[in-house]
Amino acid sequence: MYSYEERIRAVKLYIKLGKRLRATIRQLGYPTKNSLIGWYREYERSENLRVGYSRSGQKYSDQQKHAAVKHYLDHDRCIASTMRALGYPGRELLTKWIDELHPEVRYRMVGRAPNMLYPDAIKSAAVIELCTRKTSAQEIAQKLAVCRPTLYNWKNQLLGREVPASMKRQNNSPPVPDAAELQRQVESLQQSIHRLQLEHDILKKANVNRPGFELTSRSWTVAIPPIRRCFSAGIPPG
């Protein structure tokens, strides 16, 4: 049974959205198409709705009942989604069918009904699995018996919207130079190594007869600049 406020809100939204049934039901999560049309016709006749209202009992076949429950189980266990897709039944009746056919199922109400509360530890573990997953987000949602959008809501709450919900391969490596550039780099390195080796040999030879002299990194640093100046001026070091 829908209250007067719920019915009048649905009718006004239906008019505001250009009398689009699916858009209205999708936004509110209720009612069925036939109920909304009936409410609108009543509102059109009297420009208001009756305060006291009870939905007339609708008869559905067992096939329709099982089809509705199956759709609910196969599509994120979302009552509003099943109502939008099939156009029937109402929330209360579908809940009754679920309890009747699958009493073990822990269903999740939508709309004005309260959501099931999950500990922060479960939310954190679910978000980590979502962001590092190798499977689909739908499979993770099914393991937790929640709707897929719930996982993304948890991710936004814990990490923010700017954090991606999956690991994407990013190519941050610098561009590989072409063969000619690599060859130039190799030749330049070879020349530098050869020059350093020559400088080392010259320094070692120049000081080989000095008693107590030890070729250290400091002596290398002090001696190399004069040797380089000699080479530049064409003067043999000695």
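So, here's what we can say about the structure.

The rules we used
- Residues numbered from 1 in each chain as written.
- Predicted model: local features only at pLDDT ≥ 70, side-chain atom pairs only at ≥ 80, totals over all residues.
- Heavy atoms only, no water.
- Salt bridge = Lys/Arg side-chain N within 4 Å of Asp/Glu carboxyl O.
- Buried < 20%, exposed > 50% of the residue type's maximum accessible area, 1.4 Å probe, protein only.
- Helix = DSSP H or I, 4+ residues; strand = E, 2+ residues; numbered from the N terminus.
- Axes fitted to C-alpha atoms, helices over the stretch in contact; angles between N-to-C directions.
- Parallel < 35°, antiparallel > 145°, perpendicular 65-115°, else oblique.
- Left-handed = near helix turned anticlockwise from the far one by under 90°.
- Contact = heavy atoms within 4.5 Å.
- Nonpolar A, V, L, I, M, F, W, Y, C, P; charged D, E, K, R; others polar.
- Polar contact = N/O pair within 3.5 Å; in protein donor to acceptor, adjacent residues only side chain to side chain.
- Phe/Tyr/Trp six-rings, centres within 6.5 Å; stacked < 30°, edge-to-face > 60°.

**Describing the pattern of salt bridges**
Scanning the entire structure with this criterion turns up four salt bridges. A salt bridge links Arg 50 to Glu 42; its shortest N-O distance comes to 3.2 Å. Relative accessible area serves as the criterion here: at 8%, Glu 42 is assigned to the buried category. Lys 70 is paired through a salt bridge with Asp 74; the nearest N and O atoms lie 2.7 Å apart. Here Lys 70 pairs with Asp 74, and both are found in helix 4 (residues 62-74), just four residues apart, close to one helical turn. With a relative accessible area of 53%, Lys 70 lands in the exposed category.

**Observations regarding the packing of helix 1 (residues 4-16) against helix 2 (residues 21-28)**
Contact geometry for helix 1 and helix 2: axes closest at 9 Å, N-to-C directions at 135°. It follows that helix 1 is oblique to helix 2 by the angle criterion. Crossing handedness for the pair helix 1 and helix 2: right-handed. Taking contact as the criterion, the partners of Arg 9, Ala 10, Leu 13 and Tyr 14 in helix 1 are, on helix 2, Leu 21, Thr 24, Gln 27 and Leu 28. The class makeup of the residues in the contact of helix 1 with helix 2 is five nonpolar, two polar and one charged.

**Focus: the side chain of His 71**
By the element assignment, His 71 lies in helix 4. We classify His 71 as buried; its relative accessible area is 15%. Polar contacts involving the side chain of His 71 include one to the side chain of Thr 82, which spans 3.2 Å. Ignoring sequence-local partners within four residues, the contact set of His 71 consists of Ser 81, Thr 82, Ala 85 and Leu 86.

**Topic: the packing of aromatic side chains**
Under the definition given, this model contains three aromatic pairs. Seen in terms of ring centroids, Tyr 60 and Tyr 88 are 5.1 Å apart; in terms of plane orientation they differ by 20°. Their pairing is stacked. Of this pair, Tyr 60 sits in the loop between helix 3 (33-46) and helix 4 while Tyr 88 sits in the loop between helix 5 (79-86) and helix 6 (91-101), and the two are 28 residues apart along the sequence. You can call Tyr 88 buried: its relative accessible area is 12%. Between Tyr 60 and Trp 97 the ring centres are 5.6 Å apart and the planes differ by 85°, which places this aromatic pair in the edge-to-face class. Of this pair, Tyr 60 sits in the loop between helix 3 and helix 4 while Trp 97 sits in helix 6; the two residues are 37 residues apart in sequence, bridging distant segments of the chain. Taken together, Tyr 60, Tyr 88 and Trp 97 form an aromatic cluster joined through their ring pairs.

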